[in-house]
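# Structure assessment
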Amino acid sequence: MHCKTALSFALASLLFAGAASARGIDVDKVNGSIHIEGDQQAGALSTVNGSIRIDGGGSATKVSTVNGSIELGDRATAESLETVNGGIDLGAGARISGTVNTVNGGVRLGKGAEIAGRASNVNGRYVLDAAHIGGGIETVSGDIEVGADSRVEGGILVEKPHGWSWGKQRNPRIVIGPHAIVEGTLDFRREVELFVSDTATVGEIKGAKATKFSGDQP
């Protein structure tokens, strides 16, 4: 009986070790950047002061930093991305299976890149190049360019800024490019400049009047 128990424990340990190896190791830092080389698998990546880069074909689970940018190379994958002060850049064909969040930083999606969940920030420009966001876009002061042939499901929300600020604030500029699709409500709770291509398809627009344009840019 004891031999069987020991054998079962040994087998379970081997299975756990194999799963951990397939997942990749976690990396947790306070000061310093993190770099995952191409085609390598990692677990959770976290730093406070430093950027995080995953080269093309690499993967990770949760990726987070406080002061630093996050960059994924072509075809790299992760479960979620989060930073406070820094931009987020996804290479061609990169895929995030969950959400992407930044406070002060832009979000750029290369050709064919995908965020399956929601993308949100407060300040910073969104740029989609024939890319896909499945859970909608949320911002307060950021410009948004849904480039040609891009698709956004879950709508767009531009929130009203809170708190007190000096002088008149600049209005966010929202561009929905040629043959782009935005499904769901485009909800603008502050004044914006909205431009929609005459070949784009969009859902209900609340809080703004769209200016139609033809060609690549308004």
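Above this note sits the structure.
The structure contained in this document is the topic of the report that follows. (Residues numbered from 1 in each chain as written. Predicted model: local features only at pLDDT ≥ 70, side-chain atom pairs only at ≥ 80, totals over all residues. Heavy atoms only, no water.)

## Notes on the side chain of Arg190
Mapping Arg190 onto the fold places it in the loop between β23 (186–188) and β24 (193–197). This buried residue, Arg190, is left without a salt bridge; Glu191 holds the nearest opposite charge, at 7.8 Å. From its side chain, Arg190 meets the backbone oxygen of Arg170 in a polar contact 3.2 Å long. Ignoring any residue separated from it by four or fewer positions in sequence, one finds Arg190 in contact with Val140, Ser141, Val158, Glu159, Lys160, Pro161, Gln169, Arg170, Asn171, Pro172 and Gly207. (Helix = DSSP H or I, 4+ residues; strand = E, 2+ residues; numbered from the N terminus. Buried < 20%, exposed > 50% of the residue type's maximum accessible area, 1.4 Å probe, protein only. Lys, Arg positive; Asp, Glu negative; His and termini not counted. Salt bridge = Lys/Arg side-chain N within 4 Å of Asp/Glu carboxyl O. Polar contact = N/O pair within 3.5 Å; in protein donor to acceptor, adjacent residues only side chain to side chain. Contact = heavy atoms within 4.5 Å.)

## Section: the environment of Thr102
Relative to the assigned elements, Thr102 resides in strand β11 (residues 100–104). Since its relative accessible area comes to 4%, Thr102 is described here as buried. Taking the C-alpha atoms as reference, Thr102 lies 9.4 Å from Ser69; in sequence the two are 33 residues apart.

## Side note on the sheet that holds strand β9 (residues 88–90)
Pairing in this open sheet of 10 strands is parallel, and the strands run β2-β4-β6-β9-β12-β15-β18-β21-β24-β27 from one edge to the other. Single-partner strands in this sheet number two, and they are β2 (34–36) and β27 (211–213). Ignoring which end each strand starts from, the neighbouring axes of this sheet average 10° apart. Where β24 and β27 come together, 3 bridges link them in parallel fashion. (Pairing = 2+ DSSP bridges. Axes fitted to C-alpha atoms, helices over the stretch in contact; angles between N-to-C directions.)

## A word on the sheet that holds strand β22 (residues 181–182)
Strand order across the open sheet formed by 7 strands is β7-β10-β13-β16-β19-β22-β25, with parallel pairing between neighbours. Looking at strand neighbours, the two that pair on one side only are β7 (77–78) and β25 (201–202), the edges of this open sheet. With 2 bridges connecting them, strand β13 (residues 114–115) and strand β16 (residues 132–133) associate as parallel partners. Looking across to β16, one finds that Ile115 is bridged to Ile133.

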